[in-house]
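Each chain, letter by letter, is given below.
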Amino acid sequence: MSIKFNVNGFPYEVQPSDFPADITLNTFLREHLHLTATKFMCLEGGCGVCVCVIRRRNPTTGEVHTRAANSCLTLLNTCDDVDIVTDEGLGNKGSGYHPIQKRLAKMNGTQCGFCSPGFVMNMYGLLESKAGHVTMAEVEDAFGGNICRCTGYRPILDAMKSFATDSTISVPGECVDIEDSFELLCPRTGQCGSGGCSRATLSTQNDSHWHWPKSLADLFTALSQVSSNELYILVSGNTAHGAYRRSRDIKHFIDVNNVPELKQYSIESDHILLGANLTLTETMEIFRLAEQRAGFEYCAQLWQHFNLIANLPVRNNGTLAGNISTKKQYPHFASDIFITFETLDAHVLVHEHPGAQRVLTLLDYLHDTTPNLVIGGFLLRPYPTTKYLFNTYKILPRAQNVHAYVNAGFLIEWNDDQHHIVQSARICFGNLSPSFVHAVEVESLLVGRDLYDAATVSEAFERLEASLQVVEMPPEASPEYRHKLACSLFYKFLLWSAPEELVKKQKRSGGLLLERPLSSGSQTFETISKNYPVTQPVQKLEGLIQCSGEAPYMNDLLTTSNAVHCAFVTAKRVGATIEQIDPTPALRCKGVVAFYAAKDIPGVNNFNNASVLVVEPEEVFCSGRVKHYDQPLGVIAAVNHDLAVYAATLVQVTYANEQKKPILTSMNQVLASGESSRIVQMNKSNGENSTLKVPLAPGDVMGRGILELESQYHFTMEPQTTIVVPFEQGLQVWCATQWMDLTQYSIAAMLQLDASLVQLQVRRVGGAYGAKVTRCNQVACAAALVAHKLNRPARFVQTIESMMECNGKRYACRSDYDFVVRASGAISMLNNNFYEDAGCSLNENVVDFLTMPAVRNVYNLNATNFKVNGSAVVTDAPSSTWCRAPGTAEGIAMAEVQLEHIAFASKLDPADVRLVNLRPGNKMVQLLPRFLASTEYRQRRHDINAFNAQNRWRKRGIGLSLMEFPLATSIGYSYPTTVSIYHSDGSVVITHGGIEIGQGINTKAAQVAAFTLGLPLEKVRIESSNTVNGANAMVTANSMASEMIGLAVRKACDTLNKRLQPVRQALGPNATWKQIVERAWTQSILLIATDSYKVGDIPNYNIYGLCLTELEVDILTGNHLIRRVDILEDAGESLSPNIDVGQVEGAFVMGLGYYLNELLLYDRQTGRLLTNRTWNYHPPGAKDIPIDFRIELLQKNPNPVGFMRSKATGEPAFCLSVGVLFAMQHALQSARDDAGLPREWVRLGAPTTPETVVLNAGTEVQRFALK
Ligand SMILES: Cc1cc2nc3c(=O)[nH]c(=O)nc-3n(C[C@H](O)[C@H](O)[C@H](O)COP(=O)(O)OP(=O)(O)OC[C@H]3O[C@@H](n4cnc5c(N)ncnc54)[C@H](O)[C@@H]3O)c2cc1C
Ligand code: FES
Ligand code: FES
């Protein structure tokens, strides 16, 4: 009755009855084997941090296949007889590091490092599965399921592509030398697939049953044990859980992975049989074989389409039947397998019992209500190319790993040799409505008609437009877009298939989808060898241990077995008052330990106890009026994480005084509602709201516009996490925080303890971007309360749904502006009335502090020609918070959009309008002409216009963006740092009050210490930040902490140098460092020095940047490719160029997500966030980045006031990404012009999704024609 498997070569045998029936491999690895390199975040196959490698024997062929898998979806009980490899097994400090780990580290592929083990393991799985023979294209394709929020992917892709057989990536010499002696693929150490014992059905603890049938007959025996009122699941990949959550009430788990009948396939001349539970990866391999056979050439297209389903680890484990069965259970599921197979009229082989086999059409299967139907396989017919035409489409919100906006398949049977007259047609669309599939009216219209005849085309689109049934399915895209997209796809099909002479030349490119070539990048910077290791492009200090998974994050900390896990209980009635909370149903669950609410807090119910930028308390638990949907009102403590999350949903809440007024989750709703009390002008010194007016002169141009920038979720890969352990009189706290001091004090005040009794330690944080400045404290306070009350360790890791629903995000922004400019484009009047969405509290307001200083950007805007009013708007959403370049990004975006709009209105080149408006004496006066020349701006703009004239449905655009980023150092009160030298060997350790969040603060600190003390970098280590040595440290945010810590390190090192000076002198110039410190120790010289940054040590300064973005858009779908990006950024004398380039790339790509992908949608009735998961919220992936990504750090450019003449890099490049809107505007204007629309500025904001593009392009379906 046991499950046997190997993990990293070590055999394990577990009794399933010892674990919950649905325990995942991830939980088992992390909690039972303590192999914490394998992380988790989304728990739904959408982020990739949990990827490990599984070697499994195919039950039909006996072959062992290696595949990357999402351990968060893989159920432990499906792991019998498999080999599992985790990052620890691949390489470590004991056995040596694996080449993938080393290259990723060496090639600058990690920042916070939380995603790194997942990337390593995905690459390892790919390499082993293909015996090391992968191309660069395959590598680039393979990471759709691995999200990295920090790096912008370029260095990761470079490192991974360097393993390809056709690699052109140069690998640092050190890597190659060491790797020569290292076998790329690990030897198989386990005994995978040794046959396995035949296990009977067994009962598990929680009354569920697992079955492991070895044949179809066995499977039905297992099914016969399921009584009619019980739920069961046939488990293959268990990946459907990532899309639609499995019921908690399942009583029978039937593992079908070892049923040979379901894994077989055959390719015959008249059909292909695909076993039901072939994985999508296996199916794609079969397609590769089948496409060679007459009649099955269409399998090449199926391969392409399947390659866009989910992501590699999900395809490696998810199966055909799992997908189609999910479509049966959830008719609104935009299944790609369904749409492609239905177009091909694939049939389903089903079994009611072993002897009874039926063949059904797919639609009949979906509607068949026979209980316990088992899909045995799928049958595909041949469609010879002489007789048939076939294609399918899938349009996604980003390049990979999202279900379709709309998917479609078209199959035409010809009646003539010329391939014009239609014999029959299958025209299928997905994701329009749960029931609509076939465009029957068009299918029948086409029969007997010439497919490419102008009248047929026109009539077909008329019918298609009228007959498509598209319904609202929030948060899916609007029916209007999906309707237009469906029509466009059929049009694309016609443009693609029609003989060339029948299609107007300019329209031909509309028949193809955008094809992305391999991406590449260049990084140019200066280093100054006399300052080494400062300015040296060194490897990130923790890079290697991040890549090997040895670098611990908060949740990797072990606690004793009596630890409890926490989850928030949240309020669901915005505006109502909480009258009563009844946790009894939750507490009744076995394993639920406690529930606490506001009344249980002994001290202050406030998690944001900061003295700066906080105007009102923010409750840990709502105690009265509910401010937003899913506001936490209490916390459940349970013996495991899943149980805590589930039990939290059982707590009953009674509300009083329900709000009658509409819930206003956005600024536009507030502005429309007329509730002026919600609009707060923060700093009245700007003057009351008023606008400038100027008399118009001849030739003057005037205009007005609105810019809307929506909010953005931080999407840290490490969830909000706090572990609290009661210790002596107080608490030891491990919290993923950017501001230990605030977390410490918020907990202490809440528990009425002295701050000294609450001690924090922070080793590193797995992505922050502002999310962990204050918002982390709600989790920290809740965990501390639980630990304090129960006197047991408490662990709180927020789920992605909880983080997205409960926590504040970026300030949304709206600007209403109007302008008057001279014919030259020079601004004579610009009014900017802007609003920023504070959410439900005015805390952390960015309006005056950060946006106001940025709104003029580099332009000559002064009291005579510029008036700006800024207000915060209170909405019924979580309180907004800092998010990479908060406020500043919006300020610069407003200025840049206004300049771009002015250029448009004046019919001038946007670069010329910028040149004419630059503030005299501004650094940009020199930089801009140089940048325009080096990027060949004018020639490229000309070429793009020529391209656009030749292409009706493909458009290109180019967009320039400039930046003056005002870095405010005024709140950097204190950044304490301690440098200690060990007399025994002279090694040095630093601990500081900053936080390593991926920005490289530790590496920079070590470089400074090594330089100042005159030591090799390897001699310096950084220890965890903590609230003893880092007491009272200010926040690590605003891009500035690295410099401040660097400065504090230098001060401490200067002190040490001063103390050592007499010893140095006494020992003479030949004394070694070790001799000096040893002698100093014997003289009782203190080898520990502490110092701090103080306000004023570094004055405020500006950071400059320029960016040129070129893109191409498919006007029919709205999809785009970013063809090239050039960034020139001013980093002063970069302290650590690899790290600074990484910051620039990462910040820019995060900005691309903001402007192009990331959409937050709320339910208007309830205020509930609808986009709360990786399934429906989409930060950029590896194939969304610029194809040609060129970064240059401005050279010979010391910052006279900066620390060691450097400048900050963490946030500024985010602001440059606004240029993508201008490139889009350029492209869109050409399409609108072609569509015959009047010349008008299009309001593009954040996000400008494919939907925005299509709905603004002026495309009319009735006008679709080939000529
Ligand atoms: C991140 C992510 C992205 C995705 N993106 C896409 C996408 O873009 N397009 C798309 O089409 N899909 C997408 N999917 C869905 C994915 O294709 C399915 O999850 C997968 O195919 C399910 O297969 P499975 O083997 O894991 O099924 P499981 O999760 O193991 O099972 C799912 C269901 O199928 C039933 N079942 C399994 N085998 C049989 C059988 N032989 N007979 C009858 N019933 C059976 C089970 O009882 C269960 O109810 C995505 C999924 C994830 C997690
Ligand atoms: S945790 Fe498994 S994919 Fe995100
Ligand atoms: S380094 Fe990839 S998420 Fe931080």
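About the criteria used
Residues numbered from 1 in each chain as written. Chains lettered and ligands numbered in written order. Predicted model: local features only at pLDDT ≥ 70, side-chain atom pairs only at ≥ 80, totals over all residues. Heavy atoms only, no water. Helix = DSSP H or I, 4+ residues; strand = E, 2+ residues; numbered from the N terminus. Rg over C-alpha atoms; globule rule 2.2 N^0.38 Å. Buried < 20%, exposed > 50% of the residue type's maximum accessible area, 1.4 Å probe, protein only. Contact = heavy atoms within 4.5 Å. Areas by Shrake-Rupley, 256 points an atom, 1.4 Å probe, with all protein chains shown as cover. Core = buried A, V, L, I, M, F, W, Y, C linked by side-chain atoms within 4.5 Å. pLDDT = per-residue confidence, 0-100. 1 Å grid on protein atoms, 1.4 Å probe; cavity = no way out; pocket = protein on both sides within 12 Å on 5 of 7 lines; lining within 4 Å. Points joined across faces, edges and corners; volume = space filled by probe spheres on them. Nonpolar A, V, L, I, M, F, W, Y, C, P; charged D, E, K, R; others polar. Polar contact = N/O pair within 3.5 Å; in protein donor to acceptor, adjacent residues only side chain to side chain. Pairing = 2+ DSSP bridges. Axes fitted to C-alpha atoms, helices over the stretch in contact; angles between N-to-C directions.

Engineer: What is the right way to read the overall build of the chain from this model?
Structural biologist: When you go through the chain residue by residue, the secondary structure sums to 38 helices and 41 strands. Compactness check: the chain gives a C-alpha radius of gyration of 31 Å against a globular reference of 33 Å for 1267 residues, within 12% of the reference. Seen through its principal axes, the chain has C-alpha atoms that stretch 95 × 85 × 70 Å. The 1267 residues of the chain split such that 66% are buried. A sequence separation of at least 24 residues applies to 77% of the contacts in the chain between residues at least 6 apart. When the accessible surface of the chain is split by element, carbon and sulfur atoms take 51% of a total near 42,500 Å².

Engineer: Explain the nonpolar core here, please?
Structural biologist: Looking at soluble globular proteins, one finds that nonpolar side chains tend to be buried together. By size, the foremost hydrophobic cluster in this structure holds 255 residues, and its most contacted members are Met123, Phe429, Leu446, Phe490 and Tyr1155. Setting aside residues up to four positions removed in sequence, Leu446 forms contacts with Ile412, Val422, Ala425, Ile427, Leu451, Thr456, Ala460 and Phe490.

Engineer: I'm lost on the confidence of the model for the chain in this one. Help?
Structural biologist: Close inspection of predicted coordinates is inappropriate in any region flagged by low pLDDT. Overall, the prediction assigns the chain a mean pLDDT of 95, with 97% of residues at 70 or greater. Low pLDDT, under 50, characterises residues 189–198; the predicted model gives this stretch 21 contacts beyond four residues in sequence or across chains.

Engineer: Quick question: what am I supposed to make of empty space enclosed by the protein here?
Structural biologist: In this approach the atoms are scanned with a rolling probe the size of a water molecule, which exposes any empty space left behind. Summed over the entire model, instances satisfying the criterion amount to 14 cavities of 30 Å³ or more. Size it by volume and the largest cavity reaches roughly 600 Å³. At the level of secondary structure, the elements contributing two or more residues to the lining of the largest cavity comprise α27 (847–851), α33 (1041–1067) and α35 (1137–1156). Per-element tally for the lining of the largest cavity: the top contributor is α33, with three residues. Its residues assigned to classes, the lining of the largest cavity comprises 24 nonpolar, 15 polar and seven charged. Around the second largest cavity sit 21 residues that line it, and Arg56, Lys263, Thr279, Asn316 and Asn317 are the ones nearest its centre. Contributing elements (two or more residues each) for the lining of the second largest cavity: β3 (51–57), β4 (64–70) and α12 (312–317). When residues in the lining of the second largest cavity are grouped by element, the largest group, three residues, is from β3. Broken down by class, the residue content of the lining of the second largest cavity amounts to four nonpolar, twelve polar and five charged.

Engineer: Please clarify how the side chain of Ser208 should be interpreted in this entry.
Structural biologist: Structurally, the position occupied by Ser208 is in the loop between β6 (202–203) and β7 (209–211). Relative accessible area serves as the criterion here: at 4%, Ser208 is assigned to the buried category. Within polar-contact distance, the side chain of Ser208 engages the backbone oxygen of Ile250 at 3.3 Å.

Engineer: I would appreciate a short explanation of the sheet that holds strand β10 (residues 265–267) in the present structure.
Structural biologist: Neighbouring strands of a sheet are bound in pairs by backbone hydrogen bonds; such pairs are parallel or else antiparallel. Strand order in the open sheet made by the five strands is β10-β11-β14-β12-β13, with antiparallel pairing throughout. In this open sheet, the two edge strands, each paired with only one partner strand, are β10 and β13 (356–361). Across the sheet, the mean angle from the axis of one strand to that of its neighbour is 25 degrees, orientation sign disregarded. The sheet contact formed by β10 and strand β11 (residues 272–275) spans three bridges and is antiparallel.

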